[in-house]
Amino acid sequence: MTMRIVVCVKYVPDATGDRYFADDLTTDREAVDGLLSELDEYAVEQALQIAEAADDAEITVLTVGPEDAKDALRKALSMGADKALHVEDDALHGTDVLGTSLVLAKAVEHTGYDLVLCGMASTDGGMGVLPAILAERLGVPQMTLLSELAVQDGVVTGRRDGDSASEELRAVLPAVVSVTDQSGEARYPSFKGIMAAKKKPLESLDLSDVGIEEDQVGLENAWTTVLEATKRPARTAGTIVNDEGEGGKQLAAYLADGRFV
Amino acid sequence: MERNLFDEQHDAFRATVRQFMAKEVAPHMPEWEAAGMVPRELFKKTAQIGINGLQVPEAFGGAGVDSFLLNAIVFEEIGYAAASLGGLQVHLNTVLPYFLEYANDEQKSRWFPGFADGDLIASIAMTEPGTGSDLAGMTTTAVRDGDDYILNGAKTFITGGINADLVIVVARTSRDGDNRRDGLSLLVVEAGMEGFVRGRNLEKLGLKSSDTAELLFDQVRVPARNVLGAEGGAFAMLTSNLAQERLSISITAQATATAALNLAIDYVRERKVFGRRVADFQNTKFVLADCATELEAAQALIDRAILALDTGTLTPADAAKVKLFATETQARVIDRCLQLHGGYGYMREYPISRLYADARVTRIFGGTSEVMKSVISKSLAL
Ligand SMILES: Cc1cc2nc3c(=O)[nH]c(=O)nc-3n(C[C@H](O)[C@H](O)[C@H](O)COP(=O)(O)OP(=O)(O)OC[C@H]3O[C@@H](n4cnc5c(N)ncnc54)[C@H](O)[C@@H]3O)c2cc1C
């Protein structure tokens, strides 16, 4: 039977560019180029490796996001995923992690799944809790922050490297797994992959297609509110300590004053 | 100005190449410059993302693309990253076209799969210690002996000469007739053939990460089945391919000059002198405005030439104009961008110094600026 792998990916502002906020304090997506979150590329890579090792597997990449988020899906398709699902609805603007996880859960159920793969966090929001919430909503086991994983006979096994110990974990599918940036470099989309992606199915759904009401999502219904956003101040020139015999003391005083020690 | 040559697939491929250059190439440039060459494995990696096989027919594992636009994208991205991959550039933009155009079916099945998957990289050896601009004066000879040719001679300045698995050697196979241009042939010499000796990896002013070698051929027995195209017809083959080679050099000139402009902009915004940013001086603004304008003009010319090459209408004189203009522009722009860096611009740890040194040769190889002018003037019916 075909193993159905769904990879949740996010379209994020290019982290190397400046960040801007719109009037409602959401990310201004017009101002900066977007791309497939780098941390999600690791999840796509793991999905591809699992599919390559399996007899029969199909990878769907799924995103919730604006029109341009299709770029992230296309990139994942050109890396080798089989098909893409895009949940797109004006009412989604400003949705928080609780709302997004709800939409993802409904979309994952809508398309059918054995294994859901996620990155360890988004490179813009950086919350890192979405995979756990998603597993909870789906009512399936979760194995988060894996640096290694494999699937065999309907069981997913993996390793989570913590600060003091490495844990070997296993779960029976269906399950939700998130992978870290230590899980293995993602492949580059090849030219042939890019040409092949053109012909792969990319389906768009709106909220009603996945059975969600407008009042369950959006900025209005987020559990947190951004009150203020301030641009990081420009870097100021550092303090220069001239050593005239007292250099060490001056350095120590600087560190103490700044509460660095 | 917005460039209108590219579609969505081109943009997606450009994004891949950009990511690849940022991760796999740019950080290693200092190390490769010190080594005098790039590691051979790099060409396997470029093959994995499909660069090597772009124009190789699908039957042999390539993508079978019949357009230069994707090559342009690859070498633009290398230039924008202030990097250079001379061996790959010569292989793809100068050498591969000879194989695509002139290889027979047996040669195709022998070499094309290796071109597509990065197992084979080729160079071309025209220049000799005594002959550069005056190609017809070359003295390397290949004399028929049964099913083989016996090759003797010396070549120099051969880009990729150390890494190359195959070298197209231009040699004289006959000396009949009055025309010096007759009697030159293309012989494909393979690594490991007896008597084929790679000389020094030459020390250059710039382009230090690309291997440039002397090659010696001492009684090398080259099978006749390694002759590319018609025996004796090499001169016409060489000239018919020059337009693409010259356009390729122009594209790199333009991309590296663009990188220099961006480096200068970043630098003058940060650097403070006399209490102001260097960017605040009117001279800086005017110099950079000039650079940006000249680059815009060169880009317009190059973009037209790329499309003309694809439609088969780029004449040798056209390509010579493009190379002359683009490389002279590159020199002016990079020189001025270095000047705005002050003394730091002269330091090797600043990429602008590398761009400056690398730029000097674009007015020399692939035909000097003087040779470009003589090609152009021949088209003027003087
Ligand atoms: C880094 C590098 C890489 C190279 N890679 C390759 C390669 O891969 N394969 C290869 O075959 N060659 C390669 N070359 C050689 C290159 O193509 C030649 O150096 C170039 O064609 C000039 O030839 P030359 O050096 O013999 O100069 P010469 O021909 O000796 O020229 C000397 C000077 O005379 C001028 N001159 C020559 N003819 C005329 C004329 N008719 N009218 C007016 N002025 C004239 C020239 O413009 C120049 O200023 C490379 C060279 C370099 C530096």
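All figures in this text were calculated on a predicted structure; none of them were measured in a lab.

S.K.: Outline the sheet that holds strand 4 (residues 57-64) of chain A, listing residues and values.
M.R.: Hydrogen bonds along the backbone pair up the strands of a sheet, which may run parallel or antiparallel. All names here are of chain A. Strands sit in the order 7-11-6-1-4-5-12 across an open sheet of 7 strands; the sheet is parallel. Looking at the sheet topology across the chains shown, the edges are occupied by strand 7 (142-146) and strand 12 (202-205). Strand after strand, the sheet turns through a mean of 20 degrees between neighbouring axes, direction not considered. The pairing of strand 6 (residues 115-119) with strand 11 (residues 175-179) spans 5 bridges and is classified as parallel. Its bridge partner lying in strand 11, leucine 115 is registered against alanine 175. Together, strand 4, strand 5 (83-87) and strand 12 form the strand contacts of helix 2 (residues 70-79), whose direction differs from that of strand 5 by roughly 165 degrees. Docked against the sheet, helix 4 (residues 130-138) engages strand 1 (3-8), strand 6, strand 7 and strand 11, running at close to 160 degrees with respect to strand 6.

S.K.: Tell me about the UniProt feature "domain: Acyl-CoA dehydrogenase/oxidase C-terminal" (unreviewed entry) in chain B, and name the residues and values.
M.R.: Within this numbering scheme, the UniProt entry marks residues 236-380 of chain B as carrying the feature "domain: Acyl-CoA dehydrogenase/oxidase C-terminal" (unreviewed entry). Secondary structure over residues 236-380 of chain B splits into 74% helix and 3% strand, and the C-alpha atoms at its two ends are 21 Å apart.

S.K.: Go over the site of the ligand with me, naming the residues and quoting the values.
M.R.: Residue and element names in this part refer to chain B. Taken together, the neighbourhood of the ligand is formed by 16 residues, with Thr127, Ser133, Phe157, Thr368 and Glu370 sitting nearest. Backbone polar atom of glycine 132 to an oxygen atom of the ligand: 3.3 Å apart, as the coordinates give it. Here threonine 368 contributes a side-chain N or O atom positioned 2.6 Å from an oxygen atom of the ligand. Of all elements in the fold, only strand 1 (122-125) and strand 3 (148-159) reach the threshold of two or more residues within the shell around the ligand.

S.K.: Go over the UniProt feature "domain: Acyl-CoA dehydrogenase/oxidase N-terminal" (unreviewed entry) in chain B, please, and point to the residues and values.
M.R.: Under the feature "domain: Acyl-CoA dehydrogenase/oxidase N-terminal" (unreviewed entry), the UniProt entry names residues 8-119 of chain B. Secondary structure content for residues 8-119 of chain B is 66% helix and 0% strand, and the end C-alpha separation is 30 Å.

S.K.: So what about the environment of arginine 304 of chain B? Which residues, and what values?
M.R.: All names here are of chain B. Within the secondary structure, arginine 304 sits in helix 8 (residues 282-311). For arginine 304, a relative accessible area of 68% puts it in the exposed group. Sequence separation of arginine 304 and glutamate 294 is 10 residues, and the distance between their C-alpha atoms is 16 Å.

S.K.: Give a description of the pairing of strand 8 (residues 148-152) of chain A that names residues and reports values.
M.R.: All names here are of chain A. One ladder, built from 5 bridges, connects strand 8 with strand 9 (residues 155-161); its direction is antiparallel. What sits directly across from alanine 150, in strand 9, is threonine 157. Between strand 8 and strand 9, which pair antiparallel and follow one another directly, the connecting turn spans 2 residues, one of which, aspartate 153, has a positive phi of 50 degrees.

S.K.: Please give an account of the environment of asparagine 71 of chain B that cites residues and values.
M.R.: Residues and elements named next belong to chain B. Structurally, asparagine 71 can be placed in helix 4 (residues 69-80). Residue classification places asparagine 71 among the buried residues on the basis of a relative accessible area of 3%. With residues near it in sequence (within four places) discarded, asparagine 71 still touches Leu54, Gln55, Leu92 and Asn93.

S.K.: Tell me about the packing of aromatic side chains, and please be specific about residues and values.
M.R.: Summed over all chains, the structure comprises 10 aromatic pairs over all chains. A centroid spacing of 5.6 Å and a plane angle of 55 degrees characterise the contact between tyrosine 344 of chain B and tyrosine 350 of chain B, whose relative ring orientation is tilted. The exposure class of tyrosine 344 of chain B is partly exposed, given its relative accessible area of 38%. In this structure an aromatic cluster arises from ring pairing among Phe60, Phe99, Trp111, Phe112 and Phe115 of chain B. The ring of tyrosine 20 of chain A has lysine 231 of chain A lying over it, and the distance from NZ or CZ to the ring centre is 5.2 Å. One Lys or Arg, arginine 110 of chain B, reaches over the ring of tryptophan 111 of chain B and ends 4.5 Å from the middle of that ring.

Conventions used here
Residues numbered from 1 in each chain as written. Chains lettered and ligands numbered in written order. Predicted model: local features only at pLDDT ≥ 70, side-chain atom pairs only at ≥ 80, totals over all residues. Heavy atoms only, no water. Pairing = 2+ DSSP bridges. Helix = DSSP H or I, 4+ residues; strand = E, 2+ residues; numbered from the N terminus. Axes fitted to C-alpha atoms, helices over the stretch in contact; angles between N-to-C directions. Contact = heavy atoms within 4.5 Å. UniProt positions renumbered as here; feature names shortened; annotations may be inferred. Near = heavy atom within 4 Å. Polar contact = N/O pair within 3.5 Å; in protein donor to acceptor, adjacent residues only side chain to side chain. Buried < 20%, exposed > 50% of the residue type's maximum accessible area, 1.4 Å probe, protein only. Phe/Tyr/Trp six-rings, centres within 6.5 Å; stacked < 30°, edge-to-face > 60°. Lys NZ or Arg CZ within 6 Å of the ring centre and 35° of its normal.

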